[in-house]
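Chain residues, written in single-letter form:
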Amino acid sequence: MKSLKINDLYKSYDDTEVLKGINIALDAGEFLVLVGPSGCGKSTLLSTIAGLEEINKGSITLGENDITHASPKDRGLAMVFQSYALYPNMTVRENIEFGLKISKYSKEEIEQRVQSAVEILHMEPLLNRKPGQLSGGQRQRVAIARSISREPDMYLFDEPLSNLDAELRVKMRAEIKKLHKRVKKTIVYVTHDQVEAMTLADKIAIMNKGTIQQFDSPSNVYENPCNLFTAGFIGSPSMNFIDVVIKKENDKFYVDFKNESGVVNTIQLDAEFKDLDKYVGKTVIAGLRPEHIQNGFRDASVANELQELDARINIQELTGSDVFLYITLNDTDVIARVSPSGAKGDGENITLKVWAKKIIFFDKETENRIR
């Protein structure tokens with residue numbers, strides 16, 4: 001296992017700056033997921049780590065080795081591509097063996113490495129088939145097995161599951177998670193899928209426009225987003241954003257939520273919101289996740305932190321275990337996540353519970369979180 005450190009990395013194509021001052025420190029054996037919208041620079045960053053792209057400024061260190069300008073073959077990395085990159089005229093066994101033969105390992109060493117990779121991924125029945133005879137998930141396993149057989153210091157995954165259907169993606173996510181626990185190697189994984197990011201990662205780097213917006217654990221990114229972009233990108237359905245005016249009376253802060261019928265619900269804020277003083281009388285953005293607006297919370301310990309919110313149901317969506325209610329607050333469409341047993345029909349009024357302590361506020365101009 002080796003750690004990864006990226007320091008002040010920049011990458012440009014002609015006059016277009018694609019990566020802007022990237023800094024990452026990853027402990028040995030950690031699973032890092034780079035996630036963000038298309039064009040944010042995540043695949044380019046992965047390519048610079050792999051040595052497939054030259055950087056303009058900065059450094060990349062793997063363990064004790066500076067690999068900034070090392071050739072791809074000398075970096076001790078293995079990469080799994082979105083397209084699998086298998087040789088169609090070779091069998092599964094031959095595809096796994098090919099790189100080892102090029103590296104001139106002995107026949108015994110090749111057999112041992114191939115067998116080890118095949119056992120980890122349960123691929124024994126597939127060894128004599130060719131890629132055209134395999135499903136998408138099986139081809140991806142072959143690509144991963146080929147990487148495992150090299151026994152690298154670190155694995156790089158470039159959107160490896162994006163070509164698979166939804167059910168197979170769930171299964172392959174579990175396979176990759178089990179693989180990481182077994183090989184205990186550092187992994188950098190690129191995806192645009194936030195569910196993959198949240199379920200796989202030890203650390204997440206949220207990227208946008210060539211910068212890292214937040215580098216943190218999945219739980220901290222979800223519970224404590226640093227800005228409006230991160231808050232909106234992570235979470236499904238995404239966080240609700242509502243314009244509110246901060247009020248203060250008797251050293252206590254309040255915000256008003258007016259529903260579609262014109263009824264005003266005043267919510268008292270948690271005492272920890274000390275930094276709201278300079279925003280009193282000003283409009284800020286209140287962020288509230290759907291699960292923090294419910295018809296009832298199972299955790300009795302938060303009962304004294306809940307406040308009532310009257311709303312009218314516009315439409316609702318049943319997902320099985322939950323119902324998503326679409327309501328309107330302060331002229332903004334808002335989603336609440338409730339249990340099916342407490343749901344009502346479209347157009348009906350409902351009294352919901354808001355977990356006021358979970359409201360996050362953002363500066364309307366900078367879009368940064370108000371601490």
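Everything numeric here is computed off the predicted structure, so don't read it as measured data. (Residues numbered from 1 in each chain as written. Predicted model: local features only at pLDDT ≥ 70, side-chain atom pairs only at ≥ 80, totals over all residues. Heavy atoms only, no water.)

**Notes on the pairing of strand β2 (residues 16-26)**
Definition in use: Pairs of strands are assigned from DSSP output, requiring at least two bridges between the strands. Helix and strand assignments come from DSSP, with helices taken as H or I runs of at least 4 residues and strands as E runs of at least 2, each series counted from the N terminus.
Sheet topology places strand β1 (residues 4-13) next to β2; eight bridges connect them, and they run antiparallel. By the bridge assignment for β2, L4 is matched with L26. Connecting β1 to the antiparallel partner β2 that follows it, the hairpin turn spans two residues, and D14 within it adopts a positive phi of roughly 55°.

**Considerations on the pairing of β1**
For β1 and strand β4 (residues 57-62), the ladder comprises five bridges, and the chain directions are antiparallel. Note that in β4 the partner of I6 across the bridge is I60.

**A look at the pattern of salt bridges**
The line we're drawing: Salt bridge criterion: a side-chain nitrogen from Lys or Arg within 4 Å of a carboxyl oxygen from Asp or Glu. Classification of residues uses two cut-offs on accessible area relative to the type maximum, computed with a 1.4 Å probe and protein chains only: under 20% is buried, over 50% is exposed, and between them is partly exposed.
Inspection of every chain in the model, using the stated rule, returns 22 salt bridges. The salt bridge involving K11 is made with E53; its shortest N-O contact spans 3.6 Å. Within this pair, whereas K11 is found in strand β1, its partner E53 is found in the loop between α1 (42-50) and β4, the two being separated by 42 residues in sequence. By relative accessible area, which is 8% here, K11 ends up buried. Among the salt bridges present, the one from E196 reaches R169, with a minimum N-O distance of 2.5 Å. Taken together, the residues span a long stretch of sequence, with E196 in helix α6 (residues 194-200) and R169 in helix α5 (residues 166-183) at a distance of 27 residues. You'll find E196 and R169 in the same group, each marked buried. One salt-bridge network, held together by shared partners, links R93, E97, K101 and E111.

**A short note on the sheet that holds β2**
Going by this rule: We call two residues in contact when some of their heavy atoms are within 4.5 Å. Between N-to-C directions, angles span 0 to 180 degrees; the directions come from axes that are lines fitted to C-alpha atoms, helices contributing only their stretch in contact.
Sheet architecture is open: four strands sit in the order β2-β1-β4-β5, paired in antiparallel fashion. Either end of the sheet is taken by a strand with one partner, and the two such strands are β2 and β5 (65-66). Sitting on the sheet, α1 touches β1, β2 and β4, and the angle it makes with β1 is about 115°.

**A word on the nonpolar core**
Put simply, the test is: Joining through side-chain atoms within 4.5 Å is the link that ties buried Ala, Val, Leu, Ile, Met, Phe, Trp, Tyr and Cys residues into a set, and such a set is a nonpolar core.
Within the largest apolar cluster, 44 residues are counted, with the highest numbers of intra-cluster contacts made by M123, I144 and Y189. With residues near it in sequence (within four places) discarded, I144 still touches V80, L121, F157, M172, I176 and L179.

**What about the packing of helix α3 (residues 107-121) against helix α4 (residues 136-149)?**
Note the cut-off: An angle below 35 degrees is read as roughly parallel, one above 145 as roughly antiparallel, one from 65 to 115 as roughly perpendicular, and any other as oblique. Crossing chirality is assigned from the near helix's rotation relative to the far helix, an anticlockwise turn below a right angle marking it left-handed and a clockwise turn marking it right-handed. Classification convention: Asp, Glu, Lys, Arg as charged; Ala, Val, Leu, Ile, Met, Phe, Trp, Tyr, Cys, Pro as nonpolar; all other residues, Gly among them, as polar.
Running from N to C, α3 and α4 point in directions that differ by 135°, and their axes come no closer than 9 Å. Classed by the angle they form, the pair α3 and α4 counts as oblique. Judged by the sense of rotation from one axis to the other, the crossing of α3 with α4 is right-handed. Counted together, R113, A117, I120 and L121 of α3 and R141, I144, A145, I148 and S149 of α4 form the full contact between these two elements. Tallied by class, the residues present in the contact of α3 with α4 amount to six nonpolar, one polar and two charged.

**Some remarks on the packing of helix α2 (residues 92-102) against α4**
Look at α2 against α4: their axes get within 9 Å of each other, and the N-to-C directions meet at 30°. α4 is crossed by α2, and the crossing has right-handed handedness. Seen from α2, the contacting residues are V92, N95, I96 and L100; seen from α4, they are V142, A145, R146 and S149. Taken together, the residues of the contact of α2 with α4 sort by class into five nonpolar, two polar and one charged.

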